[in-house]
Amino acid sequence: MELMTKQGYKQTEVGLIPEDWRVEKFKDVTNAITCGVAATPKYVSESLGMPFLSASHVQKGKVVPNQIKYITKDLYGKITKNNKPEKGDILYTRVGAGIGEAGVIDFDLDFAIYVSLTLIKPKSILYNYYLKSILNSNYYKFLAKNGQFAGGGVQNLNVEVVREFPIPIPSMEEQKAIATALSDVDALITSLEQTITKKKAIKQGAMQQLLTPPHKGGKRLPGFEGEWVEKTLGEFTDLITKGTTPTSLGKQFTSEGINFIKAESINKTGNIINDKVAHIDAETHDLLGRSKMKSKDLLFTIAGVLGRVGIIREENLPANTNQAVAIIRLKKSLSLSTLFFFHVLRTRTIEKHIESISVQGAQANFSLTDVSNIPLTIPASIVEQQAIAQILSDMDAEITQLETKKEKYQAIKQGMMQELLTGKTRLI
């Protein structure tokens, strides 16, 4: 049956593309496609050797020459005799979880490459940044992952497979226009990432200052005075308990129903990720009575990844949890800010405390007694607790907003790649 094609487009092995584009094999539009040295070399000091890059140096579409190892000058000469990496060439990862990541060498540096990288030297018909964008698109990521084979127990992408990749080729003018458009979005994403990193560093500094008792060098907010109280976490709580998995009662998880929050449901920032929350039915919820949670309960992971902290809010309820998560319920008889405790339990001081006493078995774990005995020093005044918590929460909200914006731009970029790299949208 003949495929229907859009006017001005044609069907090819890479899909529907404009009639004035053509499809070539990588081997026909490159001067070289080769991988680095296979044997792990003997490393030497920087003063005695030459830079040696591997797959770890290609990150998020960029070649990042940091934390470099060095090989002897003699070995460097042998490796680079026929195909020396040069500015403008492309490095393409061929092993590991990040297989199929491409970056353009945009700096002047004499170096050799390990077998984990493929060196690609495009002919003049190809604009290197267009080629980089092609290789980093979802379609070519798919080709890379499906072109792997096991060699020596390690999955790797055969250079011969890469040479046979088909590539759509528009005019040089259009290649540059496409690459420039995608590069502009990349610049926005990079700028946001840098801002997020800066904001996180500022927040860490604020946590260190505001959550450290004044008598130990902490910075106090203006207008507050009085002693800070030093107690264990258990002395501030009415309840510290943990849940039970439904399977211990012969029950199963359901596709929908009441929330069942596991350790992996809580991310590093303390948010509960809905798509990682399991579900149980109402009968199981009642049977797992001790793990029923209330609004403003704190969650603290005690198995696997230790010390992640979350807060139960009304929208999370009803809910249960399992034995990998401790439920912490603050004393009603005391004036305490749940949000303050959420922040103070996420400090590096608490992380170090957990690391010092956690039990390392099949997986790291922390007992309820350990949780109860966590030492805390906090302001006696709930007003001061709330003021500190509000500042830190505002910082969290700003970071979350920036990360949401970054995710939006990343989604826009993926849509642009799909449109521009197939010619569905034309820039010229």
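The present account deals with the structure reproduced in this document. (Residues numbered from 1 in each chain as written. Predicted model: local features only at pLDDT ≥ 70, side-chain atom pairs only at ≥ 80, totals over all residues. Heavy atoms only, no water.)

1. A word on the overall build of the protein chain
Within the protein chain, the regular secondary structure consists of 10 helices and 27 strands. Since a compact globule built from 428 residues should have a radius of gyration of about 22 Å, the 28 Å found for the protein chain marks it as more spread out than a globular shape. Taken along its principal axes, the extent of the C-alpha atoms in the protein chain is 75 × 65 × 45 Å. For the protein chain, the proportion of its 428 residues judged to be buried stands at 46%. Long-range contacts, defined here as pairs at least 24 residues apart, represent 74% of the contacts in the protein chain between residues at least 6 apart. For the protein chain, the accessible area works out to roughly 22100 Å², and carbon and sulfur atoms hold 51% of it. With 53 positive and 45 negative side-chain charges, the protein chain shows a spacing of 3 Å between the two charge centroids. (Helix = DSSP H or I, 4+ residues; strand = E, 2+ residues; numbered from the N terminus. Rg over C-alpha atoms; globule rule 2.2 N^0.38 Å. Buried < 20%, exposed > 50% of the residue type's maximum accessible area, 1.4 Å probe, protein only. Contact = heavy atoms within 4.5 Å. Areas by Shrake-Rupley, 256 points an atom, 1.4 Å probe, with all protein chains shown as cover. Lys, Arg positive; Asp, Glu negative; His and termini not counted. Charge placed at Lys NZ, Arg CZ, Asp CG, Glu CD.)

2. Some details on the environment of Lys231
With respect to the helices, strands and loops of the structure, Lys231 is situated in strand E17 (residues 228–232). Setting aside residues no more than four positions away along its own chain, Lys231 makes contact with Phe236, Ile374, Pro375 and Leu376.

3. Details of the packing of helix H5 (residues 172–210) against helix H10 (residues 382–420)
Relative orientation and spacing of two packed helices are given, respectively, by the angle between their axes and the distance between those axes. Axis separation between H5 and H10 bottoms out at 10 Å; the angle between their running directions is 165 degrees. If you check the angle between H5 and H10, you find them roughly antiparallel. Our pair here, H5 against H10, has a crossing hand that is left-handed. For the contact of H5 with H10, the residue count by class is 22 nonpolar, two polar and 11 charged. (Axes fitted to C-alpha atoms, helices over the stretch in contact; angles between N-to-C directions. Parallel < 35°, antiparallel > 145°, perpendicular 65-115°, else oblique. Left-handed = near helix turned anticlockwise from the far one by under 90°. Nonpolar A, V, L, I, M, F, W, Y, C, P; charged D, E, K, R; others polar.)

4. Points about the environment of Lys6
Assignment of secondary structure puts Lys6 in the segment before strand E1 (9–12). Along the chain, Lys6 and Leu339 lie 333 residues apart, while their C-alpha atoms are 57 Å from each other.

5. Considering unusual backbone geometry
Residue Pro318 follows Leu317 across a cis peptide bond; omega there is -5 degrees. Counting through the fold element by element, Pro318 comes out in the loop between strand E22 (309–311) and strand E23 (319–321). Located in the positive-phi region is Lys60, a residue other than glycine, with phi close to 50 degrees. With respect to the secondary-structure elements, Lys60 resides in the loop between strand E7 (58–59) and strand E8 (62–63). Of the residues examined, Lys60 reaches a relative accessible area of 68% and is grouped as exposed. Phi is positive for Lys296, which is not a glycine, with a value near 75 degrees. Along the polypeptide, Lys296 turns up in the loop between helix H6 (282–287) and strand E21 (298–301). Here Lys296 falls in the exposed class, since its relative accessible area comes to 58%.

6. Points about the pairing of E21
Every second residue of E21 is oriented toward a common face, with Leu298 and Phe300 on one face and Leu299 and Thr301 on the other, all of them buried. Sheet topology note: the E21/E22 ladder contains three bridges and is antiparallel. In the sheet register, Leu299 faces E22, and the bridge partner there is Gly310. In this sheet, strand E24 (residues 325–330) lies alongside E21 in antiparallel orientation, the contact comprising four bridges. The partner of Phe300 across the bridge, within E24, is Ala326. (Pairing = 2+ DSSP bridges.)

7. Comments concerning H10
Spanning 39 residues, H10 covers 56 Å between terminal C-alpha atoms, matching the ideal 57 Å at 1.5 Å per step. Sitting at the head of H10, Ser381 places a side-chain oxygen 3.2 Å from the backbone nitrogen of Val383. (Expected span 1.5 Å × (residues − 1). Polar contact = N/O pair within 3.5 Å; in protein donor to acceptor, adjacent residues only side chain to side chain.)

8. A short note on the packing of aromatic side chains
For the structure shown, the criterion picks out 12 aromatic pairs. Centroid distance Phe26 to Phe165: 5.8 Å. Interplanar angle 85 degrees. Geometry classified as edge-to-face. Taken together, the positions of Phe26 in the loop between strand E3 (22–25) and strand E4 (30–35) and Phe165 in the loop between helix H4 (159–163) and strand E16 (166–169) put the pair 139 residues apart, joining distant regions of the chain. This pair shows no difference in class: Phe26 is buried, exactly as Phe165 is. The interplanar angle of 80 degrees and the centroid separation of 6.2 Å between the aromatic rings of Phe340 and Phe341 together place this pair among those described as edge-to-face. An aromatic cluster is defined as three or more aromatic residues linked by ring pairs; in this entry it consists of Phe26, Tyr139, Tyr140 and Phe165. The aromatic ring of Phe253 is capped on one face by Lys262, whose charged end is 4.5 Å from the ring centroid. (Phe/Tyr/Trp six-rings, centres within 6.5 Å; stacked < 30°, edge-to-face > 60°. Lys NZ or Arg CZ within 6 Å of the ring centre and 35° of its normal.)

9. Some remarks on the sheet that holds strand E6 (residues 49–53)
Read across the open sheet, the four strands follow the order E5-E9-E6-E12; overall the sheet is mixed. If you trace the sheet from one side to the other, it starts and ends with strand E5 (43–44) and strand E12 (112–113), each paired once. Alignment of E5 against strand E9 (residues 69–72), held across two bridges, turns out to be antiparallel. Along E9, the bridge assignment pairs Val44 with Tyr70.

10. Let's talk about the side chain of Gln175
Assignment of secondary structure puts Gln175 in helix H5. Within the structure, Gln175 has its side chain in polar contact with the backbone oxygen of Ile125 (distance 3.0 Å). Discounting residues that sit within four places of it in the chain, Gln175 has contacts with Ile125, Leu126, Tyr127, Tyr130, Ile169 and Pro170.

11. Here we look at the pattern of salt bridges
Applying the stated criterion across every chain, the model contains 24 salt bridges. Residues Glu160 and Arg163 are paired through a salt bridge, measuring 2.3 Å at the closest nitrogen-oxygen approach. Taken together, the positions of Glu160 and Arg163, both in helix H4 and three residues apart, correspond to about one turn of that helix. Residue Glu160 is classed as partly exposed on the basis of its relative accessible area, which comes to 44%. A salt bridge links Lys251 to Glu283, with the nearest nitrogen and oxygen atoms 3.3 Å apart. Taken together, the positions of Lys251 in the loop between strand E18 (237–242) and strand E19 (258–261) and Glu283 in helix H6 put the pair 32 residues apart, joining distant regions of the chain. Taken together, the salt bridges that share partners define one network made up of Asp20, Glu174 and Arg426. (Salt bridge = Lys/Arg side-chain N within 4 Å of Asp/Glu carboxyl O.)

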